[in-house]
Amino acid sequence: MKKLLVLCLASLFLSFSVAMADSLDLSSMSVDQLRSTIDQINLELAARQLQNAPSDEVLAEADFDGVHLEVLNIALSQETLGATAGTPAVVINCRFTNTGTEDKCFAQLVSVVAFQNKIECKGGTLIEGTNGQLNTTKVQPGGTLEVPVGKLLLDTENPVELQFGTMFKPNHLTLTYDPKQ
């Protein structure tokens with residue numbers, strides 16, 4: 001229902017933008033400028049969908065090394081700082097449950113690796129929709145924490161393969177995300 005509302009609002013926004021196009025001369029924009037504008041609109045729509053996505057829906061899950069990991073949702077975002085500001089990114093929202101007997105944190109046990117075109121996507125400085133402090137927050141046995149993880153994309157056209165696991169065994173769980181959807 002929320003996704004439908006977001007899509008309706010997006011359609012309304014685009015309709016309003018088209019109505020306002022009389023004052024906006026698109027013919028003077030280069031193809032690259034038009035593509036950039038479209039990419040910005042798509043990123044904004046994806047970010048809004050991510051904010052409204054239900055966090056009780058689970059795309060996939062795995063158990064390893066005293067951890068129960070659930071992937072809740074995956075969405076487009078963007079880098080907001082530094083030399084890579086504006087670079088498209090993907091945010092993977094995970095639910096991390098400590099099933100072990102000692103305090104643990106996500107960053108110590110869970111490795112999230114993204115590949116696009118067979119090349120690893122790196123993490124960014126500050127990807128919109130992420131919170132680096134959650135990666136290092138300790139969770140007691142039986143505790144659960146939702147952790148958003150961000151990776152910079154090489155492009156927004158090709159699928160992203162996501163591998164979840166540990167540093168020594170990164171592929172306990174593999175998902176593919178298509179940024180075009």
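All figures in this text were calculated on a predicted structure; none of them were measured in a lab.

Caption draft 1: Representation of the nonpolar core in the model. Counting residues in each nonpolar core, the largest one holds 29 residues, and the members touching the most others are L69, I74, I92, F106, V110, L162 and F164. Sorting the residues of this core by element identifies β1 (60-64), β2 (67-78), β3 (88-98), α3 (106-109), β5 (111-116), β8 (144-152), β9 (160-165) and β10 (173-177) as the ones contributing at least two each. With five residues, β2 is the largest single contributor of residues to this core. Excluding anything up to four places from it in sequence, I74 contacts L59, V90, V91, I92, L162, L175 and Y177.

Caption draft 2: Representation of the pairing of β9 within the structure. In terms of burial, β9 is a largely internal element, five of the six residues being buried. Where β5 and β9 come together, six bridges link them in antiparallel fashion. Counterpart to A114 in the pairing with β9 is L162.

Caption draft 3: Up close: the sheet that holds β8. Read across the open sheet, the four strands follow the order β1-β2-β3-β8; overall the sheet is antiparallel. One side of each edge strand has no neighbouring strand; the edge strands of this open sheet are β1 and β8. Neighbouring strand axes in the sheet, compared pairwise and without regard to direction, differ in orientation by 30° on average. Sheet analysis places β3 next to β8, joined by nine bridges and oriented antiparallel. Along β8, the bridge assignment pairs V91 with G150.

What counts and what doesn't
Residues numbered from 1 in each chain as written. Predicted model: local features only at pLDDT ≥ 70, side-chain atom pairs only at ≥ 80, totals over all residues. Heavy atoms only, no water. Core = buried A, V, L, I, M, F, W, Y, C linked by side-chain atoms within 4.5 Å. Buried < 20%, exposed > 50% of the residue type's maximum accessible area, 1.4 Å probe, protein only. Helix = DSSP H or I, 4+ residues; strand = E, 2+ residues; numbered from the N terminus. Contact = heavy atoms within 4.5 Å. Pairing = 2+ DSSP bridges. Axes fitted to C-alpha atoms, helices over the stretch in contact; angles between N-to-C directions.

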